[in-house]
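Okay, here's what each chain looks like letter by letter:
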Amino acid sequence: MKPGTFICSSAASLAGLIALGLSGCKSGGGDTIKVGEFASLTGKEATFGTSSHEGTLLAIEELNAAGGVLGKPLELLTEDDQTKAGEPANAVNKLISKDGVVAILGEVASSRSLEAAPICQLNKIPMISPASTNPTVTQEGDYIFRVCFTDTFQGAALANFASTVLKAKKVAVLTDVKSDYSKGLAKSFKQKFSANGGQIGSELDFNGGDKDFKGQLTAIKSDAPDAIFLPGYYNDVALICIQAKQLGMNIPIFGGDGWESESLLTIGKDAMENHYFSTHCSSDQGTPEMTKFVAAYKKRFNGKTPDAMAVLGYDSAMVLADAMKRAGSTAPAKLRDAIAATQDYSGASGTFSLNADRDAVKALVFIQIKDGKFTYNSTVNP
Ligand code: PHE
């Protein structure tokens, strides 16, 4: 075990377990229900994993405070995959073989979920991804689920948005070729935008983590599109928007849920102004479930406002607990069937059902960045 890769739940949930009369992480003897989690708590996309972990942890703490599930407390075993390829496989192998978890929650980023899913499938341990939207994630097998929509839906919603709200005729597409999420979302966007009669202008690539995007942006500028579609993650997106502004490009730039992080604003600052992205939910959407979650999260995490990954992390753990209760068992095969049967579930992110492909069918929201804030724009229902 590498130092720093294993966090035995957190100090807080340990405190929760101790409060319930347990000695800590390795309580053994089957007196807890072990749930695994893998997340990017450090590294390039640390805000993704930190958020999803906090939401997950809050759910586990709430469940334990209410007496646990099936008469036992839940024990969350969390592995940090450090935003690094190769680590998700190590993490789930350890959680399954060494820790003996009954199910696994994770990951946010599609490439990392795609690395772990075949291992969960092979071992017949249910995996619920909170936020991975690439369509192929759940195609890895019948033990793989998600509590978010897919990029088939998100890409089509973004294409319709470009046609009807941005009234764009020609859109340039800038894709992160290192990310399955980016490639998949670019593909579904292009299909739908072309079907709408729109024209795809320059198509350019980058590698997540690049720092200089001026070459791609200069090529896009000379092609004069009406907008740029940028299906990337927040850190790259912020740098690209800064450099587009420096090049005097005044057209809308828009993307998907990968933009969602407070860091988008702290890095990109005024270069983010007026741009748009789609995401899973908004902390001010006003449903009783969301309002309750936001209050509990703020109380637990020093007044911090939850982002979509926190909300979905919470929902992933709650859907698993709901399945345990309905199954009356934590045997992985029974859990699998119960998760698959999730219908009209009222989550913090919204009400959703899992379809035959084990994907959540649910609404999406558009956000515009205005006066340095994420501002709700509109909702698209499935
Ligand atoms: N949907 C993204 C992916 O599949 C991850 C993500 C989810 C990012 C939610 C931000 C918010 O990789």
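Calculation criteria
- Residues numbered from 1 in each chain as written.
- Predicted model: local features only at pLDDT ≥ 70, side-chain atom pairs only at ≥ 80, totals over all residues.
- Heavy atoms only, no water.
- Helix = DSSP H or I, 4+ residues; strand = E, 2+ residues; numbered from the N terminus.
- Contact = heavy atoms within 4.5 Å.
- Pairing = 2+ DSSP bridges.
- Axes fitted to C-alpha atoms, helices over the stretch in contact; angles between N-to-C directions.
- Domains from an automatic or database assignment.
- Buried area = accessible area lost by both parts, 1.4 Å probe.
- Salt bridge = Lys/Arg side-chain N within 4 Å of Asp/Glu carboxyl O.
- Near = heavy atom within 4 Å.
- Polar contact = N/O pair within 3.5 Å; in protein donor to acceptor, adjacent residues only side chain to side chain.
- Areas by Shrake-Rupley, 256 points an atom, 1.4 Å probe, with all protein chains shown as cover.
- Nonpolar A, V, L, I, M, F, W, Y, C, P; charged D, E, K, R; others polar.
- Parallel < 35°, antiparallel > 145°, perpendicular 65-115°, else oblique.

Undergrad: Which residues make up the side chain of S261, and what values do they have?
TA: Secondary-structure assignment places S261 in the loop between strand 10 (253–255) and helix 9 (262–268). S261 has contacts with T47, Y234 and F374, leaving out every residue within four places of it along the chain.

Undergrad: Before we move on, could you go through the sheet that holds strand 9 (residues 227–229) and cite the residues and values that matter?
TA: Taken in spatial order, the 7 strands make up an open sheet running 8-7-9-10-11-15-16, and their pairing is mixed. Looking along the sheet, the strands with just one partner apiece sit at the ends: strand 8 (199–206) and strand 16 (373–380). This sheet shows a mean twist of 25° between the axes of neighbouring strands, independent of strand direction. In this structure, strand 10 lies alongside strand 11 (residues 276–279), joined through 2 bridges in parallel fashion. Counted as the bridge partner of G255 is F277 from strand 11. Packed onto the sheet, helix 6 (residues 180–195) meets strand 7 (170–176), strand 8, strand 9 and strand 10 and runs at close to 165° relative to strand 7. Packed onto the sheet, helix 7 (residues 214–223) meets strand 7, strand 8 and strand 9 and runs at close to 170° relative to strand 8.

Undergrad: Break down the domain arrangement of the protein for me, with residues and values.
TA: Domain annotation for the protein reports domain 1 (6–148 + 285–362) and domain 2 (151–279). Computed from C-alpha atoms alone, the centre-to-centre distance between domain 1 and domain 2 is 30 Å. Taken together, the contact between domain 1 and domain 2 spans 17 residues of the former and 21 residues of the latter. Surface buried jointly by domain 1 and domain 2 totals about 1300 Å² across both partners, of which 46% is contributed by carbon and sulfur atoms. A per-residue breakdown of the area domain 1 buries against domain 2 is headed by K44, F48 and T133, which together make up 36% of the total. Taken together, the connections running from domain 1 to domain 2 amount to 1 salt bridge.

Undergrad: With reference to specific residues and values, describe the site of the ligand.
TA: Taken together, 13 residues sit near the ligand, with S110, A131, T133, Y233 and D257 positioned nearest. In this structure, an oxygen atom belonging to the ligand sits 2.5 Å away from a side-chain N or O atom of Y233. With respect to the ligand, the side chain of D257 contributes an N or O atom lying 2.6 Å from a nitrogen atom. In the complex, the protein chains occlude 100% of the 320 Å² of accessible area that the ligand would expose alone. Looking at the shell around the ligand, its residues break down into 7 nonpolar, 5 polar and 1 charged. A domain-level breakdown of the shell around the ligand finds at least three residues from each of domain 1 (6–148 + 285–362) and domain 2 (151–279).

Undergrad: Can you break down the packing of helix 10 (residues 288–300) against helix 11 (residues 308–327) residue by residue, with the values?
TA: Where helix 10 contacts helix 11, the axes come no closer than 11 Å and their chain directions differ by 105°. Here helix 11 runs roughly perpendicular to helix 10, going by the angle between their axes. Within the contact between the two elements, helix 10 uses M290, F293 and Y297 and helix 11 uses A310, V311 and Y314.

Undergrad: Summarise the sheet that holds strand 13 (residues 351–354); cite the residues concerned and give the values.
TA: If you walk across this open sheet you meet the 3 strands as 12-13-14, and the pairing is antiparallel. Each end of this open sheet is capped by a strand with a single partner; those strands are strand 12 (345–346) and strand 14 (360–361). By the bridge criterion, 2 bridges tie strand 12 to strand 13 in an arrangement that is antiparallel. Directly across from S346, in strand 13, lies its bridge partner T351.

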